[in-house]
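Okay, here's what each chain looks like letter by letter:
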Amino acid sequence: MQAKFWNLGAIALCAAALAIPASARDLTVVSWGGDYQDAQRDAYFKPFMQTTGVKMAEESWDGGVGTLRAKIQGGSNNWDVVQVESEELLLGCEEGLYEKLDWAKLGGKDKYMPDAVNDCGVGAIVYSFVLAYDGDKIKSDAPKSWADFWNTQKWPGKRALRKGPKTTLEIALMADGVAPKDVYKTLGTDAGVERAFKKLDQLKANLVWWEKGSQPPQLLASGEVAMTDVYNGRIAAANAKEKKNFKIVWTNNLYTIDSWVVMKGTPNKADAEKYLLFVNDPNNQKNLPPKIPYGVTTKAATALIDKNVLPNLATAPENLASALSINDKFWLENLDKLNQRFNAWVAK
Amino acid sequence: MATVAATVAPQPRPPAGLRRALRRSGRREQWRAALLVMPLFFFLLASFIVPIGAMLARAIVDPDVARILPRVSAELRHWDGRELPPDAAYAAMVDDLRAAREAGTLASAGTRLNYDVAGFRSLLVTSGRRVADPTATSPRQALLDADPKWGERETWAAIRRAGGPATDFYLLAAVDLRRDADNAIAAAPANESVFRNVLGRTLWIAGVVTLACLALGYPVALFIARQPPQRAALFLFLVLLPFWTSLLVRTVAWVVLLQREGILNNLLLSLGIVHEPLRMIFNRFAVYVAMVHVLLPFMVLPLYAVMKAISPTYERAAASLGATPFTAFRRVYVPQTLPGIAAGCLMVFIQALGYYITPALVGGADDQMISYFIAFYASRTVNWGMAAALSIMLLTATLALYAVYHRMIGLDKLRMS
């Protein structure tokens, strides 16, 4: 009875605490959780609070512009700075969910790699889709390009690609000899789409599709496929944690950028700007890649990053040289159509 | 209750006052019974009927474009569609673009129109930007300057088609049809047609799985039905055992068994039966195996229930009349198990129609069933209209099957365990 009474009391107290309106809310930063947010906490969140004295809270989310839309339109937004994928950046900016950034306060646009600059967002990390294979199974004479990915005579075995037209069609065109700078020009025409699907036809019997980022390393490890496309961070993680010897081919990798945005109408705008300035200081950015192999977005950071880590990053100059920047504008426009086309092609 | 009270009441009829009192108390009983059912009724209504109805309604309601672009939608309603729309429509479009851009809703209208015509999103957004400030030129010229697509009939026809309040766009798309610029129904281009094929595949896979379950389950049920009760209970327990394991675990177990360097391949290789690992996963074979495994109990249980109720005297009588054991089994025993066969097949088939996780995990890209595409549209591309239309297709197929079953066998004969 006594215990029950105390429980009730505790619940009432909690309810009272929850009911107090969060009038002066701490700066709330939202990111992707998991290993990545752990790395961010060490590299950014803790030093930021120590140096600036700003109190901040962190949360995680799974993406989706609908979540942000609901927060803004529902009028109960409790997030200030959010890390978003490039598509959410575009959509949300169009819909006016984010504050427009004052680039002068962020050190000017020239400080950043060009893809990291947007009206509503500043790039946070750069990561790539790369070709990967198991170095213990393919020892000598390793594949070097997407064209080799198609060569099942020389390197027998299945191939895995991410299910869906996005990235798959670009890879097919590059395997067919289209230069990265011409990929979206080609894909913008009916003939180009035709060409990409023709190229995929050649490989269709040998293709396995993955949908979650955790699958490609498993497919490689189980020997189910000989080569796959995969997020570069997953390969580094598998090599580090599971002692695998997976190798990455960086030629014609497809990279994309996640960005920081500031939610529209935030009461913590000044603190949010302080935060963005802090995480975009090259001296702070250089601390993230050693913890997780994602590239950072200021030009000056590249020179400061640990020389052992740099070759694993999408932003290493030699990795960027032949890379293709995934064009979200193109996909926003054409995804419905090409999804339909892709699903029909797969089902054939 | 009232009628019962009336029939047991002694003759002659009771006085009017008593009759009224009886009726009143009877009515009270009925109310009380209704009140007891109410919670369940409201629970079903709130948790089942309303949400499903609301979801399915998304296949036909289409309010977005009419809400965001109200003036042009109204103008286009009385446009004959044979030539480009009149100047009034262009003027209305410019007004709507300005208002929607101001309200930040232009992108939502673009999303809806982009389902129909690729490129509509940026057409709306860029045109909205171009006509944002008042221009000296006429609205028609301003739009044509912004994008030549405003000079095409198909652009305007797409807006009219999406003008709401209801649309057949999603339902037609779910059977690979669409409306062209003249509003006539036409087939979708061959390289974008997918759903008829998927529906056919769904029915085929469900059919094969049902037959395989019957072929495997019938002997098992027969065997158990002929065991002494205690041993039968043990075997039934074994049949039920997989039920207590999560569907996901059972499916993933098949991945472990069947994969290239999995248990089965290693066994076959070490025994020298094969020299190259067999390809047993991410194909139709794996889908059949895993689905049969998961659904088998639903076949065995109704069969067992029916078989248990069949008296052995019939077969003995057949034997005494000179039938061989096989003839007695075929002509006397099997026909009596038909209700069980029908119930088992119906349960397995209808469940198999909606399968999603198992084919997604062990199947290849061309083994995905219709639920996969429902999930694809519901959660991946967030095109709920399409998801709802495909759900309606699945629901219709299921109900049609149920009707056929009722016609042929009768639902009252359905016997479960």
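Below is a short write-up of the structure. If you're wondering where the values come from, they're calculated on a predicted model, not measured in any experiment. (Residues numbered from 1 in each chain as written. Chains lettered and ligands numbered in written order. Predicted model: local features only at pLDDT ≥ 70, side-chain atom pairs only at ≥ 80, totals over all residues. Heavy atoms only, no water.)

1. Some remarks on the environment of Ala43(A)
Residues and elements named next belong to chain A. Looking at the secondary structure, you find Ala43 in helix α2 (residues 34–52). With 127 residues separating them in the primary sequence, Ala43 and Glu170 have C-alpha atoms 34 Å apart. When sequence neighbours within four positions are dropped, the list of residues in contact with Ala43 reads Asn284, Asn287, Leu288 and Lys291. (Helix = DSSP H or I, 4+ residues; strand = E, 2+ residues; numbered from the N terminus. Contact = heavy atoms within 4.5 Å.)

2. Considering the layout of surface pockets
Within this model, the second largest pocket holds a volume of roughly 760 Å³. Along the walls of the second largest pocket sit 26 residues, with Leu90(A), Cys93(A), Glu94(A), Val125(B) and Arg129(B) positioned nearest its centre. Looking at side-chain class alone, the lining of the second largest pocket contains nine nonpolar, six polar and 11 charged residues. (1 Å grid on protein atoms, 1.4 Å probe; cavity = no way out; pocket = protein on both sides within 12 Å on 5 of 7 lines; lining within 4 Å. Points joined across faces, edges and corners; volume = space filled by probe spheres on them. Nonpolar A, V, L, I, M, F, W, Y, C, P; charged D, E, K, R; others polar.)

3. Re the packing of aromatic side chains
A full pass over the atoms with the stated rule returns 35 aromatic pairs over all chains. An aromatic cluster is defined as three or more aromatic residues linked by ring pairs; in this entry it consists of Tyr36(A), Tyr127(A), Phe129(A), Trp210(A), Tyr231(A) and Tyr294(A). In this arrangement the basic side chain of Lys204(A) is found over the ring face of Trp345(A), its NZ or CZ atom lying 4.8 Å from the centre. The ring centre of Tyr333(B) lies 4.9 Å from the NZ or CZ of Arg226(B), which sits over that ring. (Phe/Tyr/Trp six-rings, centres within 6.5 Å; stacked < 30°, edge-to-face > 60°. Lys NZ or Arg CZ within 6 Å of the ring centre and 35° of its normal.)

4. Some details on empty space enclosed by the protein
The final tally for this structure, using the stated rule, is three cavities of 30 Å³ or more. Of the pockets and cavities examined, the largest cavity occupies roughly 310 Å³. Those elements giving two or more residues to the lining of the largest cavity turn out to be α15 (328–347) of chain A together with α6 (106–116), α10 (169–174), β1 (177–179) and α19 (370–380) of chain B. Examining the composition of the lining of the largest cavity, we find that four residues originate from one element, α15(A), more than from any other.

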